[in-house]
Amino acid sequence: MRAMESAGFGYPSSFNHLDSGARQMVLHVGMEGLKKNALAKARKHLWSALEQASNTGVPSAMLKAALRNIRFGQREINGGDVPHGLHLLLSALPVAMMGGDIVEAFDIEPFLRQLDADIQDPQFFKDMVKALIDSPARLESTVYADAGFAAQRAMLEERRLAELAAALTADERARIVQESADLLAQQRKAVDKDVLPRILPSAVARLAKPSFPVPAEDEKVVVLEVATNGIAYASVLYDISDFSAQEWPWLNLYAGLVPQLGVAEMGYEASSAWRQEMAPDFNIDVAASQPLAAGKPLQIFMEFSAKGLQEELHNLAAVLLQSITAPRFDEVERMAFLIDSHVQDVHGDLAVKGETYASLCATAALSMHERFKNVMEGAAGLPFYRLLRQQIQDESGMREIAQKLAALHAKITASPAYVIVAAEAPSASALSDLLAPAIHRTPRPLAEPEAFVMDPLANTVLHAAAQVNHCYAAWPAPKLGHPDAAACAVLAEWLTNEILHRAIREEGGAYGAGT
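Notes on the structure follow. Predicted model, so just to flag it, every value in this text is computed and none were measured.

Turning next to the packing of helix α12 (residues 313-325) against helix α18 (residues 427-434). It is the contact of α12 with α18, at a shortest axis distance of 9 Å, that shows an interaxial angle of 30°. As far as their axial angle goes, α18 and α12 are roughly parallel. Both α12 and α18 take part in a crossing whose hand is right-handed. Facing L313, H314, L316, A317 and L321 of α12, the residues of α18 in contact are S427, A430, L431 and L434. Looking at side-chain class alone, the contact of α12 with α18 contains seven nonpolar, two polar and no charged residues.

Printed below as a string of structure tokens:
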């Protein structure tokens, strides 16, 4: 990755990863955004980096961190739509299908202990890279951009369809019409749902199970002692609810850049290696929520978070505190590269994230929370990235960006702070004590947040080079704290599954619909 980022041309490919399939493992390594005259140079650059790794190896601390991360992944209990136990069973299924040992699929600690011993020999990693270079099972591919590809494909498709339509006989046309009518009649038949499993009202408790008590508003440190399978989670949140709408776009840029910049006396390369050694996961995110109480302003937080093994509490605290107190904004070349890469990603994702852009464009006028998201993730934020691309073209523009980010950081870390820790006892309390310095003794007072004024409602059309169209309509609805909110949530599910999906997906043939 370091070789690709410092090449001076192109960017690391978004496909770079290890595909650890049960049948065959595949390592994807490549670059994107290359001009044709840089292709040979990029291939030579990548090959040279692999050869250098086979000769010099990597620091043993990096290998130990990699094994620690594997152990962390084995230990962490993930949530989501699939229960963790079912997720483990599904991940072991390919092993069983290939005739492997299910026990080994669940318990890889013996293999990790063997690797612990293997990496003590510096030659071990070098030999692995040499074997990778010498492997005959290597595929090299080059994908060229073609601006006229989509139009050419559409033209060929239309021509082929016209040929097929012209060749249809009267009987074939009549058959197609009749089959379409029969299909529509079948789709509109009443469905017997009595055979489907259902959750009866008697199976649902009238009251939710007791959870952790809601902390008081003035409680700065929240410690949650929970069974985490030996994982510790920590977050430091700064209340930036009074930041103006003009500052909102900078929050996303700040959160994306700081984890990839230098810290204190370390440059970005040394800092990256240091973070990997200290913690399996470190992130900075912007979180916003609309309080349930009517009239309450939007709450916005900058969240510094880390998670790792509870045996490494001091490492987690060090990563968080150093990133909060001593990020470097003087590495302007590094920042220019990261900003350019980010702008490229935003531009490349315009078609992929069409649904998000359309949704936020429809709802931004109705809610301060949706307006904030539209600036952060939607069309309202695109002009900001265009200005960034212009600014990074010269050193003075980059200096202005660096100064703005440094001032933004000072304002963020001077804001009221909160620490949230979740871990097993007594690790939770110990980690919260380590993070106490993150809370400013005399935080800056928050200004009155901007009042929300609903914009005039209007139809909007967004055009992007994409193959999928997205159409959204939005109306004001009760907030979560309103007595009608629960009924509206049920109504939305009913409309999705009983009306819209049937009419738009099943009968209309579109990809889908929902509320």
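There is more to say, and it comes next.
Attention shifts here to the environment of T413. One can find T413 in helix α17 (residues 395-413). Once residues lying within four places of it in the same chain are set aside, the contact partners of T413 are Y238, I324 and H440. For T413, the side chain forms a polar contact with the main-chain oxygen of H409, separated by 2.9 Å. At 3.5 Å, the side chain of T413 and the backbone oxygen of A410 are in polar contact.

Here the residue pair A425 and P426 is connected by a cis peptide bond, since its omega of 0° sits within 30 degrees of zero. Tracing the backbone through its elements, the reader meets P426 in the loop between β9 (417-423) and α18. Within the chain, N229 stands out as a residue other than glycine whose phi angle is a positive 60°. Its place among the elements puts N229 in the loop between β5 (221-225) and β6 (231-239). We classify N229 as partly exposed; its relative accessible area is 41%.

Counted according to the given criterion, the structure contains 18 salt bridges. Salt-bridge contacts for K307 lead to E76; the nearest nitrogen and oxygen are separated by 3.0 Å. On the criterion of sequence distance, the pair formed by K307 in strand β8 (residues 299-309) and E76 in the loop between α3 (60-75) and α4 (84-97) is long-range, its members being 231 residues apart. Overall, K307 belongs to the partly exposed group, its relative accessible area being 22%. Here the residues in one salt-bridge network are R71, E109, R113 and D116, joined through shared partners.

Now for the environment of M1. Secondary-structure assignment places M1 in the segment before α1 (2-5). According to the relative accessible area criterion, M1 is exposed, its value standing at 56%. Taking the C-alpha atoms as reference points, M1 and A65, separated by 64 residues in sequence, lie 16 Å from one another.

Here we come to the packing of aromatic side chains. Aromatic rings in a pair are described by how distant their centres are and how their planes are angled relative to each other. Within this structure, the stated rule accounts for six aromatic pairs. Ring geometry for Y238 versus F304: centroids 6.0 Å apart, planes at 85°, classification edge-to-face. Taken as a pair, Y238 in strand β6 and F304 in strand β8 lie far apart in primary sequence, 66 residues in all. Seen in terms of ring centroids, W248 and F372 are 5.0 Å apart; in terms of plane orientation they differ by 80°. Their pairing is edge-to-face. One end of the pair, W248, is in helix α10 (residues 248-257); the other, F372, is in helix α15 (residues 368-377), with 124 residues separating them in the sequence. Owing to a relative accessible area of 5%, W248 belongs among the buried residues under this scheme. Clustering of aromatic rings is evident, with ring pairs tying together W250, F384 and Y385. Above the face of the W47 ring, R43 is positioned so that its terminal group lies 5.7 Å from the ring centre. A cation over an aromatic ring shows up here: K411 above the ring of F243, its NZ or CZ 4.4 Å from the ring centre.

What counts and how
- Residues numbered from 1 in each chain as written.
- Predicted model: local features only at pLDDT ≥ 70, side-chain atom pairs only at ≥ 80, totals over all residues.
- Heavy atoms only, no water.
- Axes fitted to C-alpha atoms, helices over the stretch in contact; angles between N-to-C directions.
- Helix = DSSP H or I, 4+ residues; strand = E, 2+ residues; numbered from the N terminus.
- Parallel < 35°, antiparallel > 145°, perpendicular 65-115°, else oblique.
- Left-handed = near helix turned anticlockwise from the far one by under 90°.
- Contact = heavy atoms within 4.5 Å.
- Nonpolar A, V, L, I, M, F, W, Y, C, P; charged D, E, K, R; others polar.
- Polar contact = N/O pair within 3.5 Å; in protein donor to acceptor, adjacent residues only side chain to side chain.
- Buried < 20%, exposed > 50% of the residue type's maximum accessible area, 1.4 Å probe, protein only.
- Salt bridge = Lys/Arg side-chain N within 4 Å of Asp/Glu carboxyl O.
- Phe/Tyr/Trp six-rings, centres within 6.5 Å; stacked < 30°, edge-to-face > 60°.
- Lys NZ or Arg CZ within 6 Å of the ring centre and 35° of its normal.

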